[in-house]
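# Descriptive analysis of the structure
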Amino acid sequence: MIIQSIKQKEFSVQRLVVRCEVVSRVVLNEHKGSALRGMLFNSLRKAGCSHRELKSCRPCPLVEVCPVSFLLAPVDDTARRGGDVPRPFAIQPPLEQRNIYEPGDAFEFGLTLFARSVNFLPYLVVGLGDLERDGLGAKYEYAPGHWRRGTLRVRQIAADNPINGEEQSLFEVGKRGVEPPNLPVTMEQIAQSTRTETGQLLKIKLDFKTPTRLIAEGKPQTVPHLPILAQRLIERLSSLSREYGGQEILLDFGAIMAEAAAAILTESRVEWATVRSYSRRQEQDLSLSGFVGAATYVGQFTHLLPLLRWGQLIQVGKDVTKGNGWYTLSVDEVQPD
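Here is what the cut-offs are and how they apply
- Residues numbered from 1 in each chain as written.
- Predicted model: local features only at pLDDT ≥ 70, side-chain atom pairs only at ≥ 80, totals over all residues.
- Heavy atoms only, no water.
- Helix = DSSP H or I, 4+ residues; strand = E, 2+ residues; numbered from the N terminus.
- Contact = heavy atoms within 4.5 Å.
- Areas by Shrake-Rupley, 256 points an atom, 1.4 Å probe, with all protein chains shown as cover.
- Pairing = 2+ DSSP bridges.
- Axes fitted to C-alpha atoms, helices over the stretch in contact; angles between N-to-C directions.
- Salt bridge = Lys/Arg side-chain N within 4 Å of Asp/Glu carboxyl O.
- Buried < 20%, exposed > 50% of the residue type's maximum accessible area, 1.4 Å probe, protein only.

Now for the overall build of the protein chain. Check the secondary structure of the protein chain and you find eight helices and 17 strands. Put simply, of all contacts in the protein chain between residues at least 6 apart along the chain, 71% involve residues at least 24 apart. Accessible area for the protein chain stands at about 16500 Å²; split by element, carbon and sulfur atoms hold 48% of it.

Let us now look at the sheet that holds strand β10 (residues 201–212). In space, the four strands of this open sheet follow the order β13-β16-β10-β17, with antiparallel pairing throughout. The open sheet has two edge strands, β13 (264–273) and β17 (327–333), and neither has a second partner. With direction set aside, neighbouring strand axes in the sheet form an average angle of 10 degrees. As defined by bridge partners, β13 adjoins strand β16 (residues 290–300) across nine bridges and the pair is classed as antiparallel. Its bridge partner lying in β16, Ile264 is registered against Val298. Along the sheet, helix α8 (residues 304–314) contacts β10 and β17; its crossing angle with β17, the most-contacted strand, is approximately 150 degrees.

With that settled, consider the pattern of salt bridges. Taken as a whole and assessed by the stated rule, the structure comprises eleven salt bridges. Salt-bridge contacts for Asp160 lead to Arg15; the nearest nitrogen and oxygen are separated by 3.1 Å. Within this pair, whereas Asp160 is found in strand β7 (residues 146–160), its partner Arg15 is found in strand β1 (residues 12–24), the two being separated by 145 residues in sequence. Residues Asp160 and Arg15 agree in their burial class; the two are buried. Put simply, Arg19, Glu108 and Glu167 are held in one network by salt bridges that share partners.

Within the secondary structure layout, Leu71 lies in helix α2 (residues 67–72). Note: C-alpha distance between Leu71 and Leu124 (53 residues apart in sequence) is 9.0 Å. Those residues in contact with Leu71 that sit more than four places away from it in its chain are Leu44, Arg87, Pro88, Phe89, Ser117, Phe120, Tyr123 and Leu124.

Glancing now at helix α7 (residues 253–262). Buried within α7 we find Ala255, Ile256, Met257, Glu259 and Ala260. Buried residues along α7 sit against α6 (226–244), β16 and α8.

The following block contains the structure:
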């Protein structure tokens with residue numbers, strides 16, 4: 001499997017849509033993103049890790065050249081946050097309420113790669129192949145005394161650009177190899193998408209699709225305070241662009257935070273979603289809880305709006321690799337009375 005290397009001159013993101021068909025019954029818990037992330041972690045380690053006896057990538061002698069470490073557990077002792085750096089991908093799990101999928105059902109999820117991590121797409125395709133071998137989700141008793149996980153078959157992987165609506169097929173059943181994706185969302189596209197909206201009084205709506213876990217002063221936030229959200233987005237976008245895009249995106253911190261502080265929350269329909277997940281690697285229960293729902297703000301968003309558009313793609317808060325922190329944004333001009 002060969003894919004050409006894509007050089008990064010600036011930070012960009014490439015969203016992928018993975019379309020599967022259920023082969024045998026799949027049973028998932030309420031937070032599907034955790035199961036998807038666990039499947040990728042286990043399958044990639046099995047396919048490409050030379051030192052699976054280690055509990056962490058940090059002591060591994062191959063850490064600097066290992067694609068598995070790069071994708072799942074990057075280590076950079078020169079990073080501002082220390083050796084741990086943000087993972088170069090995020091997951092958008094299925095949003096439907098159902099947790100059981102029967103043979104023949106469609107199963108679709110999103111996977112966003114940041115900047116140069118798109119070069120490792122072939123490894124992800126290999127990992128996704130384990131959906132048909134090792135399965136996904138919880139084990140269930142399919143016959144007396146016999147337990148297994150449900151299995152899926154990947155039918156297609158497509159590149160998707162949510163800014164211009166274009167889609168490109170990268171992999172299909174029966175097709176050899178993987179096409180290089182060529183529909184990244186770039187800084188210029190983000191700037192163009194917000195250019196006509198800046199300088200006006202706007203009403204923006206943030207719809208938090210999956211639990212969004214923002215920590216401030218050591219405590220999870222139960223409502224989407226815009227200044228806290230903006231600060232976490234600044235930190236995340238700056239870190240991702242520095243680690244994977246070759247250079248840090250320059251953001252006007254003062255102007256962004258001033259707009260966030262001045263914005264008025266006009267409507268909030270969020271609730272707290274309590275979600276827990278078990279980490280086999282850490283051998284402990286983890287909280288994935290956060291707020292979900294919609295919040296509407298009115299204000300001037302000249303500097304904040306591009307950041308919020310990036311946030312739709314990079315997600316925000318804790319556990320984005322498990323699908324958390326995924327929101328969508330809608331913008332309307334406030335009409336004068």
